[in-house]
Amino acid sequence: MAAVTTTAPRTPARRRISPGRALAWAVMTAIVVITLVPFYWILRTALSSNAGLTADPSSPLPTGLTGGGFARVFGQQSTKEALAQGGAGGSIDFWRYLLNSVVVSTLITVCQILFSAMAAYAFARLRWRGRDRMFGLFLAGLMVPTIFTFLPNFVLIKQLGLVDTLLGIALPSLFMTPFAVFFLRQFFMNLPREVEEAALLDGAGKVRIFFRVLLPMASTPVVTLGVLTYITAWNDYFWPLMVSYSDSSRVLTVALSIFRAQTPQSGTDWSGLMAATLVAALPMLVLFGCFARRIVNSIGFSGIK
Amino acid sequence: MTVASSSPPTRVRLPGAEAARRKTKDRIRERDGGGSGGDGALAAVFIAPALLGFLVFLLWPTLRGIYLSFTRFNLLTPAEWVGLDNYVRMVNDPIFWGSLKVTVEYVVINIGIQTVAALAIAVLMQRLTKSALLRGIVLTPYLVSNVVAGIVWLWMLDTQLGIGNRVIGAFGFDHIPFLTDETWAIPTIALINVWRHVGYTALLLFAGLQAIPSDVYEAAKVDGASEWRMFWRVTLPLLRPVLAVVLIMTVIGSFQVFDSVAVTTGGGPANATNVLQLYIYGSAFGRFQFGYASAMSVALLVVLSVITVIQYRLTRAGHTDLG
């Protein structure tokens, strides 16, 4: 029966593309174009000169091809030169902000994932009094919007004397997020208990089992969660904006918005701004490029169910 | 599941049976989180960092935020209890109501379009092609920050030089002042954020679609159902629980819009895009009225809680039609 029903209606559909399918592909193509065009436009503008942009705004290729925009971003141009090319004379101390972003994002990701995984293991695999009540409390934490904790957390960070430090930016998200705990607990719950029991029989302690057996088994969800956490930490703007005042703790997102605010209102330095935008976005695009397949395949599979 | 696999039911008391039964009992207790001794000490160590973070940076600030909303506080002098003053002021503050209205307008447009578009993308990814490359492409805007997304679209939608208005001009239409006009600004920002978030939402929905068994579609096809009909009769009803969770998540996220507004319009023109978070931020850091800003945060929290409860009820989240 199966053979009859599956082969018969399928062959004609395979042979010619129905109008419906053609329309669906057209929609899909349009979506891809809308998704990617802004990225191309960043590149095209960054490589153009401001004079060229004014002269020929709709050219699909860079007009007045120049690396001047990038030179302004990295502060490689003299003020006079920069002003002549439409810049504001300001630059972003790119390497410093990049380092700040890397330090903050790495610190948050490593600590948050490690601590969340440990808590997730305790919630999923250890047995202790009050476990379920405590997990319920963590889950309730999912409901509190981050904005709500921003002001009191700022007051706390200020009282700790950590305003304008990288630690001050990282601290609130260093230990856990309810989502990360929830996400990893789901995974640990679904692991077969036999794995653990075999290791126990071999005489391994539970701490050892966690670090040597379970955590390596969780590498896919951990990598997915790690990259998403890294991207979120890297792209965060509101909290770092509150906490940092000077170059010592300024991260790329905040620096970028300041660079934007600096460019003259009359005749914005679009070329420089797009170069800065590209420079700020590139690290995450590269990071994603490395893990893309793993991530797109595992998003959602253990997250929501 | 693990319990059942351990020991088959025994009628005769074999030497090992009692131990096996005790083991099973332990397991049930373990699963339920009860039991006395257990791994208490180890669990305490494992949970300690996360618990510290939870108490210090989530629970305590939540309680403190509620407390601060009843005070006058400027960071320099100790908080001074003023009772309901901040709330009275809030209710009588036209800018607060204006920002709430603008925020709701933003959320409705953003979530409305994003949900439909994400659903369309997810279904296309499911029914047309499962290419991982395609899934990677739709996720790319999610990789850039709201700040980057805001600046790029600010440039593309620039009235004079932006490519958006050039294209519109080529079709013979007048320039649209996307981000500088009171009526256009909020819808424009809402669409910018759809561009950034729709891929991620689509992937979450796609994951939900993958859980629908393919034989349901096969059966529908045998019955002669069209793709369109299958979407309404099979996909949508079976996806409902996942859709509900995703909707709650995105609505909560959408209400907290800040970055893209701060970068593109800064709240202007004439408060037309002064969303709640921007007003809260301005009150706290522009005018140092932390008490008033906290009161507005409490209001936002209340609004979000009410919406979550209503959405949860309306969509009967958690109940699945599968099986």
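Thresholds applied
Residues numbered from 1 in each chain as written. Chains lettered and ligands numbered in written order. Predicted model: local features only at pLDDT ≥ 70, side-chain atom pairs only at ≥ 80, totals over all residues. Heavy atoms only, no water. Helix = DSSP H or I, 4+ residues; strand = E, 2+ residues; numbered from the N terminus. Areas by Shrake-Rupley, 256 points an atom, 1.4 Å probe, with all protein chains shown as cover. Buried < 20%, exposed > 50% of the residue type's maximum accessible area, 1.4 Å probe, protein only. Salt bridge = Lys/Arg side-chain N within 4 Å of Asp/Glu carboxyl O. Axes fitted to C-alpha atoms, helices over the stretch in contact; angles between N-to-C directions. Parallel < 35°, antiparallel > 145°, perpendicular 65-115°, else oblique. Left-handed = near helix turned anticlockwise from the far one by under 90°. Contact = heavy atoms within 4.5 Å. Nonpolar A, V, L, I, M, F, W, Y, C, P; charged D, E, K, R; others polar. Buried area = accessible area lost by both parts, 1.4 Å probe. Polar contact = N/O pair within 3.5 Å; in protein donor to acceptor, adjacent residues only side chain to side chain. Phe/Tyr/Trp six-rings, centres within 6.5 Å; stacked < 30°, edge-to-face > 60°. 1 Å grid on protein atoms, 1.4 Å probe; cavity = no way out; pocket = protein on both sides within 12 Å on 5 of 7 lines; lining within 4 Å. Points joined across faces, edges and corners; volume = space filled by probe spheres on them.

Q: What am I meant to see in the overall build of chain B here?
A: Tallying secondary structure elements over chain B gives 14 helices and 2 strands in all. For chain B, the exposed surface amounts to about 15200 Å²; the carbon and sulfur share of it is 66%.

Q: Help me out: how do you make sense of unusual backbone geometry in this one?
A: Across the chain, the bulk of peptide bonds are trans and the bulk of non-glycine residues have phi less than zero. All names here are of chain B. In this chain, Gly268 is followed by Pro269 through a cis amide linkage whose omega measures -10°. Its location among the elements puts Pro269 in the loop between α12 (259-264) and α13 (276-286). You will see that Ala270, though not glycine, has its phi angle at about 50°, which is positive. Residue class for Ala270 comes out exposed when judged on its relative accessible area of 62%. The phi dihedral of Phe288 is positive, around 55°, even though this residue is not glycine. Position of Phe288 among the secondary structure elements: in the loop between α13 and α14 (290-314). Phe288 sits in the partly exposed class, given a relative accessible area of 43%.

Q: Please clarify how the pattern of salt bridges should be interpreted in this entry.
A: Residue and element names in this part refer to chain B. In total, this model carries 6 salt bridges over all chains according to the counting rule given. Residues Glu80 and Arg72 are paired through a salt bridge, measuring 3.5 Å at the closest nitrogen-oxygen approach. Between Arg127 and Glu227 there is a salt bridge, with the nearest N and O atoms lying 3.2 Å from each other. Of the two residues, Arg127 sits in helix α5 (residues 94-127) while Glu227 sits in helix α11 (residues 227-255), which places them 100 residues apart along the sequence. We classify Arg127 as partly exposed; its relative accessible area is 24%.

Q: Which parts of the structure should I look at to understand the packing of α13(B) against α14(B)?
A: For any two helices packed against each other, one specifies the crossing angle of their axes together with the interaxial distance. Residue and element names in this part refer to chain B. Orientation of α13 relative to α14, taken along the N-to-C sense of each, is 160°, at an axis distance of 7 Å. If you check the angle between α13 and α14, you find them roughly antiparallel. Here α13 runs over α14; the crossing is left-handed. Within the contact between the two elements, α13 uses Leu276, Tyr279, Ile280, Ser283, Ala284 and Phe285 and α14 uses Phe290, Tyr292, Ala293, Met296, Ser297 and Leu300. When grouped by side-chain class, the residues that make up the contact of α13 with α14 number 10 nonpolar, 2 polar and no charged.

Q: In this structure, what is going on with the environment of A:Ser58? I would like to understand it.
A: Examined against the element boundaries, A:Ser58 turns out to sit in the loop between α3 (50-55) and α4 (68-73). By relative accessible area, which is 36% here, A:Ser58 ends up partly exposed. Sequence-distant contacts of A:Ser58, that is, excluding residues within four places in its chain, are made with A:Arg44, B:Ile163 and B:Arg166.

Q: How should I be thinking about the interface of chain B and chain A in this particular structure?
A: How big an interface is tends to be stated in terms of accessible area lost as the parts join. Taken together, the contact between chain B and chain A spans 100 residues of the former and 97 residues of the latter. For the chain B and chain A pair, buried surface summed over both sides reaches about 9000 Å², with 76% attributable to carbon and sulfur atoms. It is B:Phe46, B:Phe57 and B:Trp155 that lose the most area in chain B upon contact with chain A, and together they represent 10% of the buried surface on that side. One can count 1 salt bridge joining chain B with chain A. One salt bridge connects A:Lys206 with B:Asp39, and the closest N-O pair in it is separated by 3.2 Å. The interface formed by chain B and chain A includes 12 residue pairs in polar contact (both at pLDDT 80 or more). Class assignment of the residues belonging to the side of chain B that touches chain A gives a composition of 63 nonpolar, 23 polar and 14 charged.

Q: In this structure, what is going on with the packing of aromatic side chains? I would like to understand it.
A: Scanning the entire structure with this criterion turns up 40 aromatic pairs over all chains. Measuring from centroid to centroid gives 4.8 Å for A:Phe94 and A:Trp95, while their planes differ by 70°, and the two rings are edge-to-face. The buried category is assigned to A:Phe94, whose relative accessible area is 7%. Both rings, one in B:Phe73 and one in B:Phe290, keep their centres 6.1 Å apart while their planes meet at 65°; by these two values the pair is edge-to-face. Of this pair, B:Phe73 sits in the loop between β1 (71-72) and β2 (80-81) while B:Phe290 sits in helix α14, and the two are 217 residues apart along the sequence. Comparing B:Phe73 with B:Phe290, the two get one shared label, buried.

Q: What is the right way to read the side chain of B:Asp39 from this model?
A: Residue position: B:Asp39 is located in the loop between α2 (15-32) and α3 (40-68). Given the relative accessible area of 13%, B:Asp39 is considered buried. For B:Asp39, the side chain forms a polar contact with the side chain of A:Lys206, separated by 3.2 Å. Once you skip the residues sitting within four places of it in the chain, B:Asp39 turns out to touch A:Arg125, A:Leu126, A:Arg127 and A:Lys206.

Q: Just to check I follow, could you spell out empty space enclosed by the protein for this structure?
A: Rolled over the atoms, a probe as big as a water molecule pinpoints where empty space is left. Inspection of every chain in the model, using the stated rule, returns 1 cavity of 30 Å³ or more. What lines the largest cavity is simply A:Trp234, A:Asn235, A:Leu252, A:Thr253, A:Ala280, A:Ala281, A:Met284, B:Leu143, B:Val144, B:Ser145 and B:Val148. Ranked by the residues each element gives to the lining of the largest cavity, the list is headed by helix α16 (residues 270-298) of chain A, at 3 residues. Taken together, the residues that form the lining of the largest cavity break down as 8 nonpolar, 3 polar and no charged.

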